[in-house]
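Observations on chain architecture
Now for the letters of each chain:
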Amino acid sequence: MFSEIGFAQMQGSMDWNDLKFFLALAQGKSLSAAALTLGVSPSTVSRRIEALEQALQVQLFRPHRDGYDLTEAGQGLVPEAERAGVQMQVFERNARETGDDLAGAVRIEAPELLGQEILLPALIGFMATCPGIRIELRGAVQPVRLAAEEADIVIRLVRPSQGNYRIRKVGTILFGLYASPEYVRKHGTPQSPDELLGHRVIGWTEDLGFLTMARWLASHCPGVRPSLRLTSFAAQVEAVRGNAGWAVLPDFIAGPAGFVPGLTDLSPLAPDLWLLVHEQALALRRVQRVRDCITAALTARFSN
């Protein structure tokens, strides 16, 4: 395929800075749009694209009256250029901050409640011992896109099959169906999945139906229709606390909150917890120190 040949040529004969011009024009489809993205003049974009095509000895774009379209060769080069561009950004960020290997930023992506309830307290204590390290902790329900390589450390509930990360299992998280004591006092506890259909259920919005928690509930209680759909764990916890119904929550949150478990005879939801560290970032001592802090916090709480 051209993409393999072209990328090998690109590695050996092109200026790596030309990557951003190629990608900006591929996305913007016009010199002016690419120039606006990069903060340069359209003529500069044009010159860099011409230089890239000469270096590769192939036409990447087909200019026309309304802008620029990728040729077949250019389309084949986009995935490799995107991956190389991401790797270059990671390398440049790490290179800028290697003067003091225990100073600089460490970026962490973690599931919402896990980051807030488990990682944050541990990291606050850690930062007192390593004041030069800056922590950026992002929490989300949806798993991060590993191809973007925007994080040094990633916590996942599903083992990834690709990405430039070292992977280690650090434990197992248990989930269950929970409601507030007040809700149970008023409405009782369902004794079977069929009985749950007569209760109020808190679920996820339809675009988040792929989440492990949503699929577990749908598989064990087919036909359940949530009366309240939300987009975050924090909102679901508050909804349960407000007596809105039953929700699938992690035990480490539901137990301390005093929520009441339901349908405990169902096969449990117990996804493995995976710690990922970016290959390039792993060479930095500050990333190693943060990894060790996170590993200790997670294994202490979730190891079997």
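Predicted, not measured: the structure shown is a model, and the values here were computed from it. (Residues numbered from 1 in each chain as written. Predicted model: local features only at pLDDT ≥ 70, side-chain atom pairs only at ≥ 80, totals over all residues. Heavy atoms only, no water.)

**Thoughts on the overall build of the chain**
Helix and strand counts for the chain stand at 12 helices and 12 strands. Classification of the 304 residues of the chain by burial places 47% in the buried group. Sequence-distant contacts in the chain: of pairs separated by 6 or more residues, those separated by 24 or more amount to 75%. (Helix = DSSP H or I, 4+ residues; strand = E, 2+ residues; numbered from the N terminus. Buried < 20%, exposed > 50% of the residue type's maximum accessible area, 1.4 Å probe, protein only. Contact = heavy atoms within 4.5 Å.)

**Focus: the nonpolar core**
Ranked by internal contacts, the top residues of the largest apolar core, which has 64 residues, are Ile-153, Ile-155, Ile-294 and Leu-298. Leaving out residues up to four positions away in the same chain, Ile-294 has contacts with Ile-108, Leu-119, Leu-123, Ile-153, Ile-155 and Leu-275. (Core = buried A, V, L, I, M, F, W, Y, C linked by side-chain atoms within 4.5 Å.)

**Focus on the packing of aromatic side chains**
This model, assessed by the stated rule, comprises six aromatic pairs. Ring centres of Phe-252 and Phe-302 lie 5.4 Å apart, and the angle between their planes is 70°; this geometry places the pair in the edge-to-face category. Highlighted residues: Phe-252 in helix H11 (residues 251-257) and Phe-302 in helix H12 (residues 285-302), separated in sequence by 50 residues. Relative accessible area serves as the criterion here: at 10%, Phe-252 is assigned to the buried category. In this structure an aromatic cluster arises from ring pairing among Phe-22, Phe-61 and Tyr-68. (Phe/Tyr/Trp six-rings, centres within 6.5 Å; stacked < 30°, edge-to-face > 60°.)

**Here we look at the confidence of the model for the chain**
Looking at the chain as a whole, its pLDDT mean stands at 85, while 85% of the residues score no less than 70. Under a pLDDT of 50 for its full length, residues 1-13 has, in the predicted model, 21 contacts with residues more than four places off or in other chains. (pLDDT = per-residue confidence, 0-100.)

**With respect to the sheet that holds strand E5 (residues 153-156)**
Strand order across the open sheet formed by five strands is E4-E3-E5-E12-E6, with mixed pairing between neighbours. The open sheet has two edge strands with one neighbour each: strand E4 (133-140) and strand E6 (165-172). On average, each strand axis in the sheet is tilted by 20° relative to the strand beside it, whichever way the strands run. Relative to E5, strand E3 (residues 104-111) runs parallel, the two being bridged by two bridges. Looking at the pairing, Glu-109 lines up with Val-154 of E5. This element, helix H6 (residues 112-129), spans E3, E4, E5 and strand E12 (272-278) of the sheet and lies at about 170° to E4. (Pairing = 2+ DSSP bridges. Axes fitted to C-alpha atoms, helices over the stretch in contact; angles between N-to-C directions.)

**Concerning the pattern of salt bridges**
What the rule picks out here adds up to eight salt bridges. Between Glu-182 and Arg-185 there is a salt bridge, and its shortest N-O distance comes to 2.7 Å. One end of the pair, Glu-182, and the other, Arg-185, are both in helix H7 (residues 181-187), three residues apart, so they sit about a helical turn from each other. We classify Arg-185 as exposed; its relative accessible area is 60%. Of the charged contacts, one joins Asp-292 and Arg-291 as a salt bridge, the two residues approaching to 3.1 Å between their closest N and O atoms. Asp-292 sits in the partly exposed class, given a relative accessible area of 40%. Connected through salt bridges with shared partners, the residues Glu-109, Glu-136 and Arg-138 form a single ionic network. (Salt bridge = Lys/Arg side-chain N within 4 Å of Asp/Glu carboxyl O.)

**Things to note about the side chain of Glu-112**
Among the structural elements, Glu-112 can be located in helix H6. It is Arg-241 that comes nearest to the buried, bridge-free Glu-112 among opposite-charge side chains, at 11 Å. (Lys, Arg positive; Asp, Glu negative; His and termini not counted.)

**Observations concerning the sheet that holds strand E11 (residues 260-262)**
Taken together, three strands build an open sheet; the order of strands is E10-E7-E11 and the sheet is antiparallel. Strands with a single pairing partner mark the edges of an open sheet, and in this sheet they are strand E10 (247-250) and E11. Pairwise comparison of adjacent strand axes, ignoring direction, gives a mean angle of 60° for this sheet. By the bridge criterion, three bridges tie strand E7 (residues 175-179) to E11 in an arrangement that is antiparallel. Its bridge partner being in E11, Tyr-178 is matched across the sheet by Pro-261. Together, E7 and E10 form the strand contacts of helix H10 (residues 233-241), whose direction differs from that of E10 by roughly 115°.

**Some details on the pairing of strand E2 (residues 67-70)**
In this sheet, E2 lies alongside strand E1 (residues 61-64) in antiparallel orientation, the contact comprising four bridges. For Phe-61, the partnering residue across the bridge sits in E2 and is Leu-70. Connecting E1 to the next strand, E2, in antiparallel fashion are two residues.

**Some remarks on the packing of helix H2 (residues 18-28) against helix H3 (residues 31-38)**
Two elements in contact, H2 and H3, have axes separated by 8 Å at closest approach and are oriented at 125°. Between H2 and H3, the crossing angle belongs to the class labelled oblique. Considering only the axes of H2 and H3, their crossing is right-handed. In this structure, H2 uses Lys-20, Phe-21, Ala-24, Leu-25 and Gly-28 to contact H3, whose residues at the interface are Leu-31, Ala-33, Ala-34 and Leu-38. Taken together, the residues of the contact of H2 with H3 sort by class into seven nonpolar, one polar and one charged. (Parallel < 35°, antiparallel > 145°, perpendicular 65-115°, else oblique. Left-handed = near helix turned anticlockwise from the far one by under 90°. Nonpolar A, V, L, I, M, F, W, Y, C, P; charged D, E, K, R; others polar.)

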